[in-house]
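Observations on the three-dimensional arrangement
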Amino acid sequence: EFADELDTLGVRVAKLEKGADNVKITGQLRADYRDADSDWSKAMWGNHHATLRTRLWVEGKVNEDWSVTAMFQNTQDLRDENGEDSDTNLKRIYAEGKIGGVDVLAGRWNEFFYNANILDDFVDGARFTYGDKVKVSAIAGKLTNGGYVSLEGDFYAANVATKVGAVDVAFNYFNADEAEKEVYNVNLGMDVAKDLHLAYNYMWGNNYNPGYNDQI
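Residues numbered from 1 in each chain as written. Predicted model: local features only at pLDDT ≥ 70, side-chain atom pairs only at ≥ 80, totals over all residues. Heavy atoms only, no water.

Within the chain one finds 2 helices and 12 strands. For the chain, the sequential pattern of α-helices and β-strands runs α-β-α-β-β-β-β-β-β-β-β-β-β-β. Taken across its 216 residues, the chain has 28% of its residues classed as buried. In the chain, the proportion of contacts linking residues at least 24 apart, taken out of those at least 6 apart, comes to 39%. For the chain, the exposed area adds up to about 13,800 Å²; of that, 54% sits on carbon and sulfur atoms. (Helix = DSSP H or I, 4+ residues; strand = E, 2+ residues; numbered from the N terminus. Buried < 20%, exposed > 50% of the residue type's maximum accessible area, 1.4 Å probe, protein only. Contact = heavy atoms within 4.5 Å. Areas by Shrake-Rupley, 256 points an atom, 1.4 Å probe, with all protein chains shown as cover.)

Here you go:
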């Protein structure tokens, strides 16, 4: 007697379930303790460093090709009994998707440019990647000075990666005009066993000074 009504209700419930599946919320807690001995590390953290970092990710699927991700972060200083809180900030918000055959990422994200040998920092901008056997990536944006790299200003970078036989080959280029930094990098690598990968990196450029607060 109520077959039509039940069928309609079933469709509505299915739509609600599908909508709920489009949003994913995950979290991460990280405790960090460091004891400083050297003058350099004491200048960075004092005699010791203890923090609790909380991150909350909210990922939403817009359609079959596009998604949006936001990440909120809070850090507590555990060096005293009060556990002083930092502000909870929106550290990342970006969209990922495709335009034709091009993969696109746009917004603010943590750019881990080629294994962080050149850049590991929050950036505002866009990254475009195209290709299969030969993959080409281009990035343009602004350094936010929100991570370990003490640089600000506009930058652009490019990467070309492929495989020649068993050897992975990549060429990388990075330029930050305001910081007067220009870096080139060639990388060769290959798997020699199931859990063993050998890599060779050659990097050159002007004003290149890799360090904890200046990795470019």
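On to the environment of Asp 77. Within the secondary structure layout, Asp 77 lies in strand 3 (residues 67-77). According to the relative accessible area criterion, Asp 77 is buried, its value standing at 18%. Along the backbone, Asp 77 and Asp 32 are 45 residues apart, and their C-alpha atoms lie at a distance of 9.9 Å.

With that out of the way, let us pick up the packing of aromatic side chains. How two aromatic rings sit relative to each other is given by the distance of their centres and the angle of their planes. Applying the stated rule across the entire model yields 6 aromatic pairs. With 6.3 Å between their ring centres and 45 degrees between their planes, Tyr 156 and Tyr 173 make a pair best called tilted. Highlighted residues: Tyr 156 in strand 9 (residues 153-164) and Tyr 173 in strand 10 (residues 167-176), separated in sequence by 17 residues. With relative accessibility at 39%, the residue Tyr 156 sits in the partly exposed group. With 5.4 Å between their ring centres and 10 degrees between their planes, Tyr 184 and Trp 204 make a pair best called stacked. Of the two residues, Tyr 184 sits in strand 11 (residues 181-193) while Trp 204 sits in strand 12 (residues 196-206), which places them 20 residues apart along the sequence. Joined through ring pairs, the aromatic side chains of Tyr 156, Phe 171, Tyr 173, Tyr 184, Tyr 202 and Trp 204 make up one cluster. (Phe/Tyr/Trp six-rings, centres within 6.5 Å; stacked < 30°, edge-to-face > 60°.)

Below, the discussion takes up the pattern of salt bridges. All told, the structure shown has 5 salt bridges when counted by the stated rule. Here Asp 103 ties to Lys 98 by a salt bridge, and the two come within 2.5 Å at their closest N and O atoms. Judged by its relative accessible area of 33%, Asp 103 is partly exposed. Lys 98 sits in the partly exposed class, given a relative accessible area of 41%. Notably, a salt bridge pairs Asp 168 with Lys 163, separated by 2.9 Å at the nearest N-O pair. (Salt bridge = Lys/Arg side-chain N within 4 Å of Asp/Glu carboxyl O.)

In this section: the pairing of strand 10. The sheet contact formed by strand 9 and strand 10 spans 9 bridges and is antiparallel. Each residue of the ladder has a partner; that of Tyr 156, found in strand 10, is Asn 175. Linking strand 9 to strand 10, which pair antiparallel, is a turn of 2 residues; within it Gly 165 sits at a positive phi near 65 degrees. The pairing of strand 10 with strand 11 spans 9 bridges and is classified as antiparallel. The residue bridging Val 169 from the neighbouring strand is Leu 188, located in strand 11. (Pairing = 2+ DSSP bridges.)

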